[in-house]
Amino acid sequence: MLEGWFLWFIMFWVVFLISMLAIGGFFMFRKFLQRLPKEDGKSDLDWQDYYLEKTRHLWKQEEKNFLEDLVEPVPELFRDVARAKIAGKIGQLALNEKASNITQDLIIRGYIMATPKRDHKFLIKRLNEKQIDFSKYKALF
């Protein structure tokens, strides 16, 4: 019946398809969890959108360019999601501190707080390239 190379071919495709379905399901489930409402009735993504909308007028082109430069190492497929998450955290900080505009300090702190620790090395590298002192942010890393 099934012998030799054809059996291995079928086995490869079975393992490959199950793996791809598992990976896709994992990312879909993560997105689903972010859309679930919390105790306050809003989801993480709802709050992110709220902070973005409330602070949109505080952003100047220079700060937008700085944020774009910081998220450049993120793969293009995920860059929009990363930019929105980081900008949402920056907006949250700006509203909590009643900032009159978005500053470089807010952007750096928001980036650190919104991203996992494994991504901080990219931020440090980028800040070194731009010759920006990040010593006052060491406690956030």
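Since the model is a prediction, treat every value here as computed from it, not as a measurement.

J.: When you look at the overall build of the protein chain in this model, what are you seeing that I'm missing?
T.: Scanning the protein chain from N- to C-terminus turns up six helices and zero strands. Each helix (α) and strand (β) of the protein chain, taken in turn from the N terminus, gives the series α-α-α-α-α-α. Its C-alpha atoms give the protein chain a radius of gyration of 21 Å, clearly above 14 Å, the size a compact globule of 141 residues would have. Principal axes of the C-alpha set define a box for the protein chain whose edges measure 75 × 40 × 30 Å. Across the 141 residues that make up the protein chain, the buried fraction comes to 28%. If you take every contact in the protein chain between residues at least 6 apart in sequence, the share linking residues at least 24 apart comes to 54%. When the accessible surface of the protein chain is summed, it comes to about 10,200 Å², and 62% of that surface belongs to carbon and sulfur atoms. For the protein chain, the centre of its 23 positive side-chain charges and the centre of its 19 negative side-chain charges are spaced 3 Å apart.

J.: Whenever I open this one, the packing of aromatic side chains confuses me. Can you help?
T.: Aromatic rings considered in pairs are described by the distance between their centres and by the relative angle of their planes. Under the definition given, this model contains ten aromatic pairs. Clustering of aromatic rings is evident, with ring pairs tying together Phe-9, Phe-12, Trp-13 and Phe-16.

J.: Which parts of the structure should I look at to understand the nonpolar core?
T.: Side chains of nonpolar character tend, in soluble globular proteins, to be buried together. Grouped together as the largest cluster of nonpolar side chains are 25 residues, with contacts concentrated most on Leu-67, Ile-90, Ile-102, Ile-107 and Ile-108. The set of elements that each furnish at least two residues to this core consists of helix 3 (61-70), helix 4 (76-96), helix 5 (104-114) and helix 6 (120-129). Not counting chain neighbours up to four residues away, the residues in contact with Leu-67 comprise Trp-59, Arg-83, Ile-86, Ala-87, Ile-90 and Ile-107.

J.: Sorry, what's going on with the domain arrangement of the protein chain here?
T.: Much of the literature gives interface size as the accessible area that the parts lose upon coming together. Domain annotation for the protein chain reports domain 1 (1-36) and domain 2 (44-137). Measuring from the centre of the C-alpha atoms in domain 1 to the corresponding centre in domain 2 gives 35 Å.

J.: What am I meant to see in the packing of helix 3 against helix 5 here?
T.: A pair of packed helices is characterised by two quantities: the angle between their axes and the separation of those axes. Where helix 3 contacts helix 5, the two axes come as close as 10 Å, and the packing angle between them is 30°. In terms of orientation, helix 3 and helix 5 fall into the roughly parallel class. Crossing of helix 3 over helix 5 shows right-handed handedness. Of the residues in helix 5, those touching helix 3 at Glu-63, Phe-66, Leu-67 and Leu-70 are Gln-104, Ile-107, Ile-108 and Tyr-111. Here the contact of helix 3 with helix 5 is composed, by residue class, of six nonpolar, one polar and one charged.

J.: How do you make sense of unusual backbone geometry when you look at a structure like this?
T.: Trans is the prevailing form of peptide bonds, just as negative phi is the prevailing case for residues other than glycine. For Lys-98, which is not glycine, the phi torsion reads 55° and is therefore positive. Take Lys-98: it is sitting in the loop between helix 4 and helix 5. Of note, the phi angle at Gln-131 is positive, near 55°, even though the residue is not glycine. Looking at the secondary structure, you find Gln-131 in the segment after helix 6.

What counts and what doesn't
Residues numbered from 1 in each chain as written. Predicted model: local features only at pLDDT ≥ 70, side-chain atom pairs only at ≥ 80, totals over all residues. Heavy atoms only, no water. Helix = DSSP H or I, 4+ residues; strand = E, 2+ residues; numbered from the N terminus. Rg over C-alpha atoms; globule rule 2.2 N^0.38 Å. Buried < 20%, exposed > 50% of the residue type's maximum accessible area, 1.4 Å probe, protein only. Contact = heavy atoms within 4.5 Å. Areas by Shrake-Rupley, 256 points an atom, 1.4 Å probe, with all protein chains shown as cover. Lys, Arg positive; Asp, Glu negative; His and termini not counted. Charge placed at Lys NZ, Arg CZ, Asp CG, Glu CD. Phe/Tyr/Trp six-rings, centres within 6.5 Å; stacked < 30°, edge-to-face > 60°. Core = buried A, V, L, I, M, F, W, Y, C linked by side-chain atoms within 4.5 Å. Domains from an automatic or database assignment. Axes fitted to C-alpha atoms, helices over the stretch in contact; angles between N-to-C directions. Parallel < 35°, antiparallel > 145°, perpendicular 65-115°, else oblique. Left-handed = near helix turned anticlockwise from the far one by under 90°. Nonpolar A, V, L, I, M, F, W, Y, C, P; charged D, E, K, R; others polar.

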